[in-house]
Amino acid sequence: MIRKLMQGNEACAEGAMKAGVDFFAGYPITPSTEIAEILSRRLPQAGGKFIQMEDEIASISAIIGASLTGFKTLTATSGPGFSLKQESIGFAIMTEIPCVIINVQRLGPSTGAPTLTSQGDVMQARWGTHGEHTIITLCPASVEEVYYLTIMAFNFSERFRTPVILLLDETIGHLRESIDLEKYDHIKILNRQKPWVSPDKYLPYATEAGEPPPMAPFGEGYRYHVTGLVHDESGFPCTGNHAAIDKLLKRLNNKIIAYLDEITLYQEVKTEDAEHLVIAYGAAARSAASAVALLRREGVRAGLLQLQTIWPFPEKLIYQKSLGKKTVLVPEMNLGQYAGEIKKVLKDKTLLVPISQIDGQLLQPRKIMAHLKGEEKHA
Amino acid sequence: MPKLFNVKKYLRMDKMPHIWCPGCGNGMVMSAFLRAVDTLQLNPDKVVVISGIGCSSRITGYLDFNTLHTTHGRPLAFATGIKLANPALEVIVITGDGDATAIGGNHFLHTCRRNVNITLIVINNRIYGMTGGQYSPLTPKGENAATAPYGNIEPELDMCKVAEAAGATLVARGGTSQPVLLEDLIIKAIENRGFSLVEVLSQCPVYYGRLNKKGNVVEMLKWQKENTVSVKDVNKLAPGALKGKVLTGVLAAHYRPEYTEEYEKIIKIAQGK
Ligand SMILES: Cc1ncc(C[n+]2csc(CCOP(=O)(O)OP(=O)(O)O)c2C)c(N)n1
Ligand code: SF4
């Protein structure tokens, strides 16, 4: 066991190194900047590359380009920069180019409060780029989870040929905790599949059994075309072919949704006999864990479902875990972005209690407890 | 005797016919580019051509290299990622004047400044072709565009001057009216170990030509030829004769360290070698 005291952002950089990151491009922004600073030192030590670009659009474009040469790539940002990256996130989805995007959430909209915590970008992670699409988003609640989920973000990205978003918040990004670096040594590091056919037989977007298509790095003899336009298996535009468009968009969705169980990562505390279930993610899940422990001491049967994967929405899991509960509480540092999704699953069969806080302070356990005891009016 | 080129072998002939209008300059630039590739005997497997969005940017679909058709304005940022990741690749960006200097202006400045070994070919038709003829930063003042029905009041940008000031190490301007010169400039740009810009004066007869009554393609090319002067001839001209003329040829050539080579040194330092 190697225990080390680390900041959340540092654990993110170290998790990326563990996952085999080769390339980082970014633009400084609080509260994510430490990730760039650490990787500017760490990457060249390992023979990798770091570049500070002129803005966030350039940064995501550069990592998509670098990924096309076979590199594992990463960018890190916060709210305003995350907004700028949206168009190119859609490009990476459409062209199936793996990359990882870290968003250490700060309070918005606009410049908002750079140093204050928030979970305001949950829906932006889901729907920030235009057009129908599906995206994987992971959300850690501790420094150790930052390390673990950064590795998983790269693994999912490589496995499914898709951009993956890691949503931290200021609290988790700047939190210092002691973590066990060897705990996750057993995780197999995944790398994208290269084509096994010869270049003359290579169809860059042809798939077998719903698996993502094998990806040839630029420069290795597979000369092919990559475009953000709708395209068929050959990679060339198919704007006039509605059947091919339908097939492409459904495949991009299904290649992720078909593996929802594998992608859905979560933790649970005393959910089985719980009367009251708290569903939470990120920093709010830490407060929820404390609240559940304190409530149990008082004899209240509370439990916690902590989602580490928030997108795609783990509908089945939430349905099963909520079954038979008296109340489902959803604490989040926004005005109920995720609670709204959960409401669709519960369909008024279970009382849903959204607990919101948007003042830039960490949502406290006592607030969750007060809601459960009816001391605080439900928003 | 003129040299014979086999440019067909670099084309994806099954993707023809191309989408460009009859008389458009894009095909002429594509042909000059391929003659340059053939002259330099570049290995197609190692050539990466990247474009943005626009009529001109559709060029990547027709070229049998590693091709990447990106987002509007960002091809240089994608190119920077590719070149830094794998400096052994020959990275060429071909795009339009709007893509390169309006929405992509920021990336244009900084790729010049870093002096990344990329060749940028900007097909300057002085208009936004793909979206139907709106004015671009390269539309001359006083000319008409779909969004300048009373005449454009914005002065045009000299992208070659900007590129040199920002740090590009080879800056050249050619035009579709002089295809042999253009081919030669593209060769020099690819050979330069650093960032190179080739601005190509081109024609969009359908929008720019029609909106400004420039006549047919032949007349547009004739106009281009008559209004350009080779930098080599500048000293031979009478004073005042340069007024309103556009300079062509190699406009600037400097030596500065190249970005990816500098980064290799950083890796050595970081590794304590
Ligand atoms: C972000 C974004 N904004 C606007 C557009 C619409 N658009 C497509 S091409 C284009 C202009 C292209 O002009 P230019 O780069 O000069 O190329 P040309 O078509 O003239 O070859 C615009 C504005 C877009 N595709 N993306
Ligand atoms: S609209 Fe203009 S630039 Fe576009 S293909 Fe036609 S002639 Fe060329």
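Only a predicted model underlies this, so the values are computations on that prediction, with no experimental measurement involved. (Residues numbered from 1 in each chain as written. Chains lettered and ligands numbered in written order. Predicted model: local features only at pLDDT ≥ 70, side-chain atom pairs only at ≥ 80, totals over all residues. Heavy atoms only, no water.)

A. Fine view of the overall build of chain B. Each helix and strand counted, chain B has 9 helices and 8 strands in total. Summarising its shape, the C-alpha atoms of chain B cover approximately 65 × 45 × 45 Å along the three principal directions. Residues counted as buried form 55% of the 273 residues belonging to chain B. When contacts within chain B are restricted to residue pairs at least 6 apart in sequence, those whose partners lie at least 24 apart make up 68%. By element, 58% of the accessible surface of chain B is carried by carbon and sulfur atoms, the whole surface being about 11700 Å². One finds the centroid of the 31 positive side-chain charges in chain B at a distance of 1 Å from the centroid of its 23 negative side-chain charges. (Helix = DSSP H or I, 4+ residues; strand = E, 2+ residues; numbered from the N terminus. Buried < 20%, exposed > 50% of the residue type's maximum accessible area, 1.4 Å probe, protein only. Contact = heavy atoms within 4.5 Å. Areas by Shrake-Rupley, 256 points an atom, 1.4 Å probe, with all protein chains shown as cover. Lys, Arg positive; Asp, Glu negative; His and termini not counted. Charge placed at Lys NZ, Arg CZ, Asp CG, Glu CD.)

B. Representation of the overall build of chain A within the structure. On a plain count of helices and strands, chain A comes out with 13 helices and 15 strands. Rg of the C-alpha trace for chain A: 21 Å, near the compact-globule value of 21 Å for 379 residues, within the 12% margin. Along the first, second and third principal axes, the C-alpha set of chain A runs to 70 × 45 × 40 Å. Counting over 379 residues, chain A shows a buried share of 63%. The contacts in chain A between residues at least 6 apart in sequence include a share of 76% that link residues at least 24 apart. (Rg over C-alpha atoms; globule rule 2.2 N^0.38 Å.)

C. Main features of the sheet that holds strand β12 (residues 302-307) of chain A. Residue and element names in this part refer to chain A. The 5 strands are arranged β10-β12-β11-β14-β15 in an open sheet whose pairing can be described as mixed. The open sheet has two free edges, formed respectively by β10 (266-269) and β15 (351-356), since each of these has just one partner strand. Looking at each pair of strands side by side, their axes are set apart by 20° on average, direction ignored. Sheet topology note: the strand β11 (residues 276-280)/strand β14 (residues 327-332) ladder contains 3 bridges and is parallel. Bridged to V278 within β14 is L329. Against the sheet, helix α11 (residues 315-322) contacts β10, β11, β12 and β14, and its axis sits at roughly 175° relative to β12. The strands touched by helix α13 (residues 365-372) within the sheet are β11, β12, β14 and β15, with β15 carrying the most contacts at an inclination of about 150°. (Pairing = 2+ DSSP bridges. Axes fitted to C-alpha atoms, helices over the stretch in contact; angles between N-to-C directions.)

D. Quick peek at the sheet that holds strand β5 (residues 99-105) of chain A. As summarised here, the arrangement of the 7 strands in space is β3-β2-β4-β5-β7-β6-β13 (chain A), forming an open sheet in which the pairing is mixed. Strands at the two margins of the open sheet, each flanked by one partner only, are β3 (49-52) and β13 (309-311) of chain A. Each strand of the sheet is rotated relative to its neighbour by a mean of 20°, with strand direction disregarded. Across 3 bridges, the pairing between strand β6 (residues 136-138) of chain A and strand β7 (residues 163-169) of chain A is parallel. Within β7(A), the position partnered with A:L138 by the bridge is A:L166. Running over the sheet, helix α2 (residues 75-85) of chain B touches β2 (23-26) and β3 of chain A and is turned about 150° from β3(A).

E. Fine view of the nonpolar core. Counting 149 residues, the largest nonpolar core has A:F23, A:I102, A:Y338 and A:I342 as its most contacted members. Here this core gets 11 residues from one element, more than from any other, and that element is helix α6 (residues 143-160) of chain A. If near-sequence neighbours (up to four positions away) are discounted, A:Y338 is found in contact with A:V122, A:Y281, A:L307, A:I310, A:W311, A:F313, A:P314, A:I318 and A:E332. B:V7, B:A172, B:I190 and B:V198 belong to the second largest nonpolar core, which has 33 residues in total. (Core = buried A, V, L, I, M, F, W, Y, C linked by side-chain atoms within 4.5 Å.)

F. Local environment of the interface of chain B and chain A. Contacts between chain B and chain A engage 40 residues on the former and 41 residues on the latter. Carbon and sulfur atoms supply 59% of the area that chain B and chain A bury against each other, a total of about 3200 Å² over both sides. Across the contact surface, chain B and chain A share 4 salt bridges. Applying the counting rule to chain B against chain A returns 17 residue pairs in polar contact (both at pLDDT 80 or more). In terms of residue count, the dominant contributor to the side of chain B that touches chain A is α2(B) (7 residues). Where strand β9 (residues 225-227) of chain A lies against strand β2 (residues 66-69) of chain B, 3 bridges are found, and the strand directions are parallel. Bridge pairing links A:T227 to B:H69 in β2(B). (Buried area = accessible area lost by both parts, 1.4 Å probe. Salt bridge = Lys/Arg side-chain N within 4 Å of Asp/Glu carboxyl O. Polar contact = N/O pair within 3.5 Å; in protein donor to acceptor, adjacent residues only side chain to side chain.)

G. Representation of the pairing of β7(A). Residues and elements named next belong to chain A. Among the 7 residues that make up β7, 7 are buried, leaving the element largely enclosed by the rest of the structure. The alternating pattern of β7 places P163, I165, L167 and D169 on one face and V164, L166 and L168 on the opposite face, and all of these are buried. Bridge count between β5 and β7: 7 bridges; the pairing is parallel. Across the sheet, the residue bridging to V104 is L168, located in β7. Between the parallel pair β6 and β7, the chain is carried across by α6, and the sense of this crossover is right-handed. (Right-handed = clockwise from strand over helix to strand, strands pointing away.)

H. Just unusual backbone geometry, in detail. Each neighbour pair has its own omega, and for A:T30 with A:P31 the value is 0°, a cis peptide bond. Along the chain, A:P31 turns up in the loop between β2 and α2 (33-45). In this structure, the amide linkage connecting B:M16 to the following residue, B:P17, adopts the cis form with an omega of 0°. Its place among the elements puts B:P17 in the segment before α1 (26-40). One non-glycine residue with positive phi stands out, namely A:R161, at about 50°. One can find A:R161 in the loop between α6 and β7. Looking at A:R161, the relative accessible area reads 4%, which means it is buried. We note that A:K270 has phi near 45°; this positive angle belongs to a residue other than glycine. By the secondary structure assignment, A:K270 is in the loop between β10 and β11.

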